[in-house]
Amino acid sequence: MTLQGVINKTGILLLLCFGSAAFAWTHPDIRGPLLLVGLLGGFIACMVGIFKPATSPIAAPIYAVLEGFVLGAISQVIERRYPGIAVNAMLLTFGVLGLMLMLYTTRTIRVTSGLVKGVFAATAAVALVYVVDMVMSLFGTRVPFIHESGWLGIGISLVIVGIAAFNLLIDFAVVEEGVSNGSPRYLEWYCGMALLITLVWLYLELLRLLSKLRGRD
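These notes cover the structure that comes with them. (Residues numbered from 1 in each chain as written. Predicted model: local features only at pLDDT ≥ 70, side-chain atom pairs only at ≥ 80, totals over all residues. Heavy atoms only, no water.)

A few points about the packing of aromatic side chains
For step 1, the next point in the chain: Taken as a whole, this structure holds three aromatic pairs when the rule is applied.
For step 2, the next point in the chain: Judged by centre distance (6.3 Å) and plane angle (55 degrees), the ring pair of phenylalanine 18 and phenylalanine 94 falls under tilted. Of this pair, phenylalanine 18 sits in helix H1 (residues 3–26) while phenylalanine 94 sits in helix H4 (residues 85–105), placing them 76 residues apart in sequence.
For step 3, the next point in the chain: Positioned above the aromatic ring of tyrosine 104 is the side chain of arginine 107, whose terminal nitrogen or guanidinium carbon lies 4.8 Å from the ring centre. (Phe/Tyr/Trp six-rings, centres within 6.5 Å; stacked < 30°, edge-to-face > 60°. Helix = DSSP H or I, 4+ residues; strand = E, 2+ residues; numbered from the N terminus. Lys NZ or Arg CZ within 6 Å of the ring centre and 35° of its normal.)

See below:
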């Protein structure tokens, strides 16, 4: 496993994701099936790659393509309501990526065991809230505030964006540790997929945040 290998694999996954997202964007007539296949298939590919890292050379590209369908479909819908929002969210996503990479490489923020535990706990809490919200939606209600465009709703989105951004630091630390330990080459795909998962989450949260801000206009 090498740093250049991780960079190359991550680039391939991003290209696959962009390509399938562009397909979904330009085919709104089949948005529903693409979204369904992307959500279910992407989740399965993600779980297989995470729990069986040796499969990541296959699972990671599949995840990238399927997740691209989801991003393209969702972005196209929101873009119709708020023109230009998808590009803004994408630029912000890579801006945050660059910022967190700089903070990590300069050791401005050090990834300690305490930080890892804190970020993990915060991420798990966000995931739990989203699961509860999905269950509640089946009964015609939602978790309060997280979907609202008031200042509290915007504040919640900012916190979640921050949690997603800090997950990037953990991804960087895993890559550095894997390279220094001489880990197997297939973990280049695993680390690339981990970075892509975090970037997808960050993009969606930024899209949500921007839509809340635009909704106040």
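Read on for the rest.
Quick word on helix H6 (residues 151–180)
For step 1, the next point in the chain: For H6, spanning 30 residues, the distance from its first C-alpha to its last is 44 Å, which sits close to the expected 44 Å at 1.5 Å a residue.
For step 2, the next point in the chain: Following H6 by one or two positions, glycine 182 has its phi on the positive side, about 65 degrees. (Expected span 1.5 Å × (residues − 1).)

Details of the pattern of salt bridges
Pairing is possible between side chains that carry opposite charge, provided their charged atoms lie close to one another.
For step 1, the next point in the chain: The tally for this structure, following the rule as stated, stands at five salt bridges.
For step 2, the next point in the chain: Aspartate 133 is the salt-bridge partner of arginine 142, the closest N and O atoms lying 2.8 Å from each other.
For step 3, the next point in the chain: Exposure remark for arginine 142: the relative accessible area of 43% places this residue in the partly exposed category.
For step 4, the next point in the chain: Given a relative accessible area of 3%, aspartate 133 falls into the buried group.
For step 5, the next point in the chain: One salt bridge in this structure joins glutamate 188 and arginine 185, with 3.3 Å as the shortest N-O distance. (Salt bridge = Lys/Arg side-chain N within 4 Å of Asp/Glu carboxyl O. Buried < 20%, exposed > 50% of the residue type's maximum accessible area, 1.4 Å probe, protein only.)

Some words on the packing of helix H2 (residues 31–51) against helix H7 (residues 187–215)
Packed helices, taken two at a time, are described by the angle between their axes plus the distance between the axes.
For step 1, the next point in the chain: One way to put it is that H2 packs onto H7 with a least axis distance of 10 Å and a crossing angle of 135 degrees. Judged by the inter-axis angle, H2 sits oblique to H7. The two elements H2 and H7 cross, and the hand of that crossing is left-handed. Mapping the contact onto sequence places Cys46, Gly49 and Ile50 in H2 and Tyr190, Met193 and Ile197 in H7.
For step 2, the next point in the chain: Split by residue class, the contact of H2 with H7 holds five nonpolar, one polar and no charged. (Axes fitted to C-alpha atoms, helices over the stretch in contact; angles between N-to-C directions. Parallel < 35°, antiparallel > 145°, perpendicular 65-115°, else oblique. Left-handed = near helix turned anticlockwise from the far one by under 90°. Contact = heavy atoms within 4.5 Å. Nonpolar A, V, L, I, M, F, W, Y, C, P; charged D, E, K, R; others polar.)

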